[in-house]
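Here is how the chains run, residue by residue.
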Amino acid sequence: MLATPSLCTMGATRGIIRTSVAELDPNDLKGQLNELRAQVYLLLEIFDEKLLQEVISEFKEVEKTLFSVASSPKDFKKTEDIQLTLLQEVDDVKAAHNLTHYNDDVVLDGVHRTIQNLNDRLEVFCHEKRYTLQKELGEITRKLKKFTLRLKASKVSEPILSTSSLEDCLNDYRKTLEKQFLQLDKDCYNLASSVVLDEADILKLHHQLNRCKQFLQTNESTRKKLQDLVAGLEQWRIILTGAENLRNSLNNDSEHLLQYDDEFVDRVVEHFSRHGVESFIEYDLLQKPLVEIEEQIKGERRLRRKAFEQLLNQYQALLSQIIPADNYLKNRCKYDDEDCEGSYEVLREIVLEKLVQECGNQISNWEQIEKDLCFIAQNCEHDVTELLNQVSNFKTQLLSKRDLLLSAIADLKNLESQINEIKFIFEKCVGFREELRKIMSQKHENLLEEEKKLLSIITTVESGFTISQIFQTFQDTQDVWKILKNLYEKGRLEIILRQRD
């Protein structure tokens, strides 16, 4: 009996070409047929394809033919009286079966040819299937190697560096998450390494492919879960950066620091101890207390800033009563959230500085009026004694008010009272300067034409005239000195002397 090699390994070969019909034996052919059928049924369990179904149908026809040969009369099987030609073509077993004028040996030869044809068709099927399976297996092996690529590119292996008081807790669970990722990566590597692409047996190729598909399908949810956890871990890195900044800003705020520890740090640690690495994806829920604390602090800061700005506006309103300086304080005083008291201190210092400066300017004005009146009293025939006494009195009052500003600067009501009195003195200064202008105007009526002419020339230049320039205007030197002397005595000139370069 001739055995048919296994088709699954694509090692099947054509049957030995027989040289005479006498070598064909029904039992031998039946054995070949059974072996081939067993292989087809084995393939059919895995590959439910039309070709295999067609082969099974043809097996049944071949079996009928072999059965008819086995049950025919003995004398019909003899060949000595019939000339047979093996080169004659028999299309299939069914056709041979219907040719009743042939003997059994001719039919058996047709059966043999049919079995060889089926064997050839199955060889082609196995060849094509092997190519397809190897291609799919190569693709799925590449998928295995890239299965954890996204996780490898993450920062799951990098420790969390922070001073938020949560870094130790989160690093412990980060390590647990890293172990899970490394295990999945190892399983992928081991499975990809076990794949044999040049395997000849298509059933073994199929089983390898099926095992890889099942692994990817089974572990897809694991990978997705790990990716979500790693993404959550990255969110925690961002959260801890903000938490660290907030905690550092609370070094001098014991109340909010206690709230930070109780409502945020302790709550996060407790949640991780209960739910493990799953807590990484609960960052939205767990960071809520942190967000609330930040909003609370921001709200308190807004209120403090608003209170500061209100006080600044009140100071500005008081300054505006005596100084035309809009936005003077806003341009120079900025509120510092980290140094609230310092901001108020700077505000008071600048207000005081500006008030003292303006008082100093007004005191200089009073002193100038006082000097002008003294000059008039000494050099002109005009009694200004009463005016001098009043000017000296107001100047003294202003000096006193200036000295009181330091003690009044922190008390807004007291400061307002002081500024109202200072404002009154400032307004009086304007009145006295007008009075002085009137006196000087009366003196102008007694001026000679030459004196008026010289004064008009001098007043055209704000920086004043030199004696040399005056001499160039007036030809008579003696007259110039005389005019200058008269104007000085009448209080209309202020003569400044300096050494010539």
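Residues numbered from 1 in each chain as written. Predicted model: local features only at pLDDT ≥ 70, side-chain atom pairs only at ≥ 80, totals over all residues. Heavy atoms only, no water.

### Examining the nonpolar core
With 50 residues, the main nonpolar core has Leu177, Trp236, Tyr260, Phe264, Phe272 and Phe280 as its most contacted residues. Elements that contribute at least two residues to this core include exactly α4 (104-146), α6 (167-194), α7 (202-249), α8 (254-275) and α10 (288-320). Here the element with the most residues in this core is α7; it accounts for 16 residues. Contact partners of Phe272, with chain neighbours within four places excluded, come to Cys169, Leu170, Tyr173, Trp236, Ser279, Phe280 and Leu286. (Core = buried A, V, L, I, M, F, W, Y, C linked by side-chain atoms within 4.5 Å. Buried < 20%, exposed > 50% of the residue type's maximum accessible area, 1.4 Å probe, protein only. Helix = DSSP H or I, 4+ residues; strand = E, 2+ residues; numbered from the N terminus. Contact = heavy atoms within 4.5 Å.)

### Some details on the confidence of the model for the protein chain
Put simply, the protein chain has an average pLDDT of 80, and 76% of its residues get 70 or more. Between the elements of the protein chain, mean pLDDT differs from a low of 44, seen in helix α3 (residues 93-98), to a high of 96, seen in helix α9 (residues 283-286). For the stretch residues 1-5, pLDDT sits under 50, and the model shows 18 contacts to residues farther than four places along the chain or on other chains. Between residues 10-22, whose pLDDT stays under 50, and residues either more than four places distant or in other chains, the model counts 32 contacts. (pLDDT = per-residue confidence, 0-100.)

### Description of the packing of aromatic side chains
This model, assessed by the stated rule, comprises eleven aromatic pairs. Taken together, a centroid distance of 5.2 Å and an interplanar angle of 75 degrees make the contact between Phe272 and Phe280 edge-to-face. Comparing Phe272 with Phe280 shows no difference in burial state: the two are buried. One aromatic cluster in this structure is built from Tyr173, Trp236, Phe272 and Phe280. Lying over the aromatic face of Tyr328, Lys354 brings its terminal NZ or CZ to 4.7 Å of the ring centre. (Phe/Tyr/Trp six-rings, centres within 6.5 Å; stacked < 30°, edge-to-face > 60°. Lys NZ or Arg CZ within 6 Å of the ring centre and 35° of its normal.)

### What to know about the side chain of Asn171
Tracing the sequence through the fold places Asn171 in helix α6. Overall, the relative accessible area of 13% leaves Asn171 in the buried class. In terms of polar contacts, Asn171 uses its side chain to reach the backbone amide nitrogen of Ile160, at 2.8 Å. Discounting chain neighbours no more than four positions away, the residues touching Asn171 are Pro159 and Ile160. (Polar contact = N/O pair within 3.5 Å; in protein donor to acceptor, adjacent residues only side chain to side chain.)

### Points about the packing of α7 against α8
As a packed pair, α7 and α8 sit with axes 11 Å apart at the nearest point and diverge in direction by 155 degrees. Classified by the angle between their axes, α7 and α8 sit roughly antiparallel to one another. When you trace α7 past α8, the crossing you get is left-handed. Of α8, the residues touching α7 (which contributes Trp236, Ile239, Ala243, Leu246 and Arg247) are Leu257, Tyr260, Asp261, Phe264, Val268 and Phe272. Partitioning the contact of α7 with α8 into residue classes produces nine nonpolar, no polar and two charged. (Axes fitted to C-alpha atoms, helices over the stretch in contact; angles between N-to-C directions. Parallel < 35°, antiparallel > 145°, perpendicular 65-115°, else oblique. Left-handed = near helix turned anticlockwise from the far one by under 90°. Nonpolar A, V, L, I, M, F, W, Y, C, P; charged D, E, K, R; others polar.)

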